[in-house]
Amino acid sequence: MKNDSFLASLKIAIRSLFEAAATERNFRIQLAIAVAVIVAGLILGLTTIEWIVIAICIGGVLSAELINTAIESVVDLLQPEIDERARRAKDFAAGSVLVVSITAAVVGLLVFSRHLHEWLESGI
Ligand SMILES: Nc1ncnc2c1ncn2[C@@H]1O[C@H](COP(=O)(O)OP(=O)(O)OP(=O)(O)O)[C@@H](O)[C@H]1O
C-alpha cells in the first residue's frame, strides 16, 4: 500500500483532517476554538507577528491532538487489554496536548489582552 506520488500522500493527509473532525470530539472543540480566535483576531486587527504566533499555537495544538489520536489508535491496536505501558503511552500523549494547549492559552491571553483593552478603551 505504498503511495508513489506526493499528491496522493497530500490527499490522504487532507482526508485525515476531515476524518478527525468527523470522529474526534476534542479535535472538533479545538477547531472551533481556532475559528473563534481567528475571527477575534480579524475583528481586533492583530499585527503580522501576532498572527504568526497565533498560527504557530493553533497548528501546534491541532497537530498535537492528531498525534495523540494516532498514538491512542496504535495502543488500542497493539494492546487492547489493560496494561501499564499502554496507560503511560496514552496518558503521556494526552499530557503533551495539555502542555501545548496551556502554552497556547497563555500566548492567546497575552496577545488578546492588549487588543481587548484598547478596543474597550476606544468604545468609551
Ligand atoms: N490498554 C490500556 N491499559 C491501561 N490503561 C488504559 C488503556 N487504554 C486506556 N487506558 C486509560 O484510559 C484513559 C482513556 O483512554 P481512551 O483510549 O478512552 O482515551 P480517550 O479518553 O478516548 O482519549 P481522548 O479523549 O483524547 O480521545 C487513558 O488515558 C489511560 O489512562
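Because the structure is predicted, anything quoted here is derived from the model rather than measured. (Residues numbered from 1 in each chain as written. Predicted model: local features only at pLDDT ≥ 70, side-chain atom pairs only at ≥ 80, totals over all residues. Heavy atoms only, no water.)

> Sorry, what's going on with helix α2 (residues 25-44) here?
Because an α-helix completes one turn every 3.6 residues, residues spaced three or four positions apart along the sequence face the same direction. For α2, spanning 20 residues, the distance from its first C-alpha to its last is 29 Å, which sits close to the expected 28 Å at 1.5 Å a residue. Restricting attention to buried positions, one finds in α2 the residues Phe27, Gln30, Ala34, Gly41 and Leu44. For α2, the angular spread of the buried residues around the axis is 120 degrees, confining them to a single face. Along α2, the residues that are exposed and aim more than 90 degrees away from the buried face are Arg25, Leu42 and Ile43. Looking at the packing, one finds that the buried side of α2 touches α1 (6-23), α3 (48-78) and α4 (84-123). Following α2 by one or two positions, Gly45 adopts a phi angle in the positive range, close to 70 degrees. (Helix = DSSP H or I, 4+ residues; strand = E, 2+ residues; numbered from the N terminus. Expected span 1.5 Å × (residues − 1). Buried < 20%, exposed > 50% of the residue type's maximum accessible area, 1.4 Å probe, protein only. Arc of directions from axis to C-beta. Contact = heavy atoms within 4.5 Å.)

> I'm lost on the UniProt feature "active site" (unreviewed entry) in the protein in this one. Help?
UniProt annotation of "active site" (unreviewed entry) refers to Glu65 when read in the numbering used here. Relative to the helices and strands, Glu65 is located in helix α3. Given the relative accessible area of 4%, Glu65 is considered buried. Residues within four places of Glu65 in sequence aside, it is in contact with Asn26, Phe27, Gln30 and Val97. (UniProt positions renumbered as here; feature names shortened; annotations may be inferred.)

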